[in-house]
Amino acid sequence: MEIAASRLKGAVMSAVITELRITAQESARRQRMIDNVIAAQKRQGYVYDAVIEDAAAAYVRGEIDREGFGRAMRQGG
């Protein structure tokens with residue numbers, strides 16, 4: 001688990017654009033999108049790990065954008 005967290009930290013750090021500033025509404029929209037994607041993939045049998053959960057949380061908080069989220073997934077998974 002420590003290796004996964006280390007990879008995520010590097011992936012998220014490289015994915016940070018600057019400090020993105022998003023509204024509460026944008027954060028809520030992002031959370032709904034993540035929740036829908038996770039629910040759909042769990043129905044297909046996919047199991048999420050800490051790297052994906054941490055990257056999703058960073059995206060919802062506005063720390064990374066969609067491209068950064070994708071990079072974090074490719075580098076961390």
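Refer to the structure presented above.
Residues numbered from 1 in each chain as written. Predicted model: local features only at pLDDT ≥ 70, side-chain atom pairs only at ≥ 80, totals over all residues. Heavy atoms only, no water.

What follows covers the overall build of the protein. Scanning the protein from terminus to terminus reveals 4 helices and 0 strands. Its helices and strands in sequence order give the protein the pattern α-α-α-α, from N to C terminus. When burial is assessed residue by residue, the protein has 31% of its 77 residues classed as buried. A fraction of 69% describes how many contacts in the protein between residues 6 or more apart in sequence connect residues 24 or more apart. Carbon and sulfur atoms make up 54% of the accessible area of the protein, which amounts to about 5,200 Å² in all. (Helix = DSSP H or I, 4+ residues; strand = E, 2+ residues; numbered from the N terminus. Buried < 20%, exposed > 50% of the residue type's maximum accessible area, 1.4 Å probe, protein only. Contact = heavy atoms within 4.5 Å. Areas by Shrake-Rupley, 256 points an atom, 1.4 Å probe, with all protein chains shown as cover.)

The next thing to look at is helix α3 (residues 50-61). For α3, built from 12 residues, the straight-helix expectation of 16 Å at 1.5 Å per residue is met to within 8% by its first-to-last C-alpha distance of 16 Å. Val51, Ile52, Ala55, Ala56, Ala58, Tyr59 and Val60 are the residues of α3 that are buried. A distance of 3.2 Å separates the backbone nitrogen of Val51 from a side-chain oxygen at the start of α3, and that oxygen is part of Asp49. (Expected span 1.5 Å × (residues − 1). Polar contact = N/O pair within 3.5 Å; in protein donor to acceptor, adjacent residues only side chain to side chain.)

For the rest of this paragraph, the subject is helix α2 (residues 24-43). In this model, α2 (20 residues) spans 29 Å end to end at C-alpha, consistent with the 28 Å of a helix rising 1.5 Å per residue. Among the residues of α2, those classed as buried are Arg30, Ile34 and Ile38. Projected down its long axis, α2 shows its buried positions confined to an angular sector of 65°, all on one face. Projecting away from the buried face of α2 at angles above 90 degrees are the exposed residues Gln25, Asn36 and Arg43. Looking one or two places after α2, you find Gly45, whose phi comes out positive at around 100°. (Arc of directions from axis to C-beta.)

Further remarks concern the environment of Ile64. If you trace the backbone, Ile64 turns up in the loop between α3 and α4 (66-76). With 43 residues separating them in the primary sequence, Ile64 and Arg21 have C-alpha atoms 9.9 Å apart.

The next point concerns the nonpolar core. Grouped together as the largest cluster of nonpolar side chains are 12 residues: Ile34, Ile38, Tyr48, Ile52, Ala55, Ala56, Ala58, Tyr59, Val60, Ile64, Phe69 and Ala72. If you list the elements that add at least two residues to this core, you get α2, α3 and α4. Element by element, the count of residues in this core is highest for α3, at 6 residues. If near-sequence neighbours (up to four positions away) are discounted, Ile34 is found in contact with Ala56, Tyr59, Val60 and Phe69. (Core = buried A, V, L, I, M, F, W, Y, C linked by side-chain atoms within 4.5 Å.)

As a further point, take the side chain of Arg30. On the secondary structure map, Arg30 appears in helix α2. When neighbours within four sequence positions are excluded, Arg30 is seen to be in contact with Ile22, Tyr59, Val60, Gly62 and Ile64.

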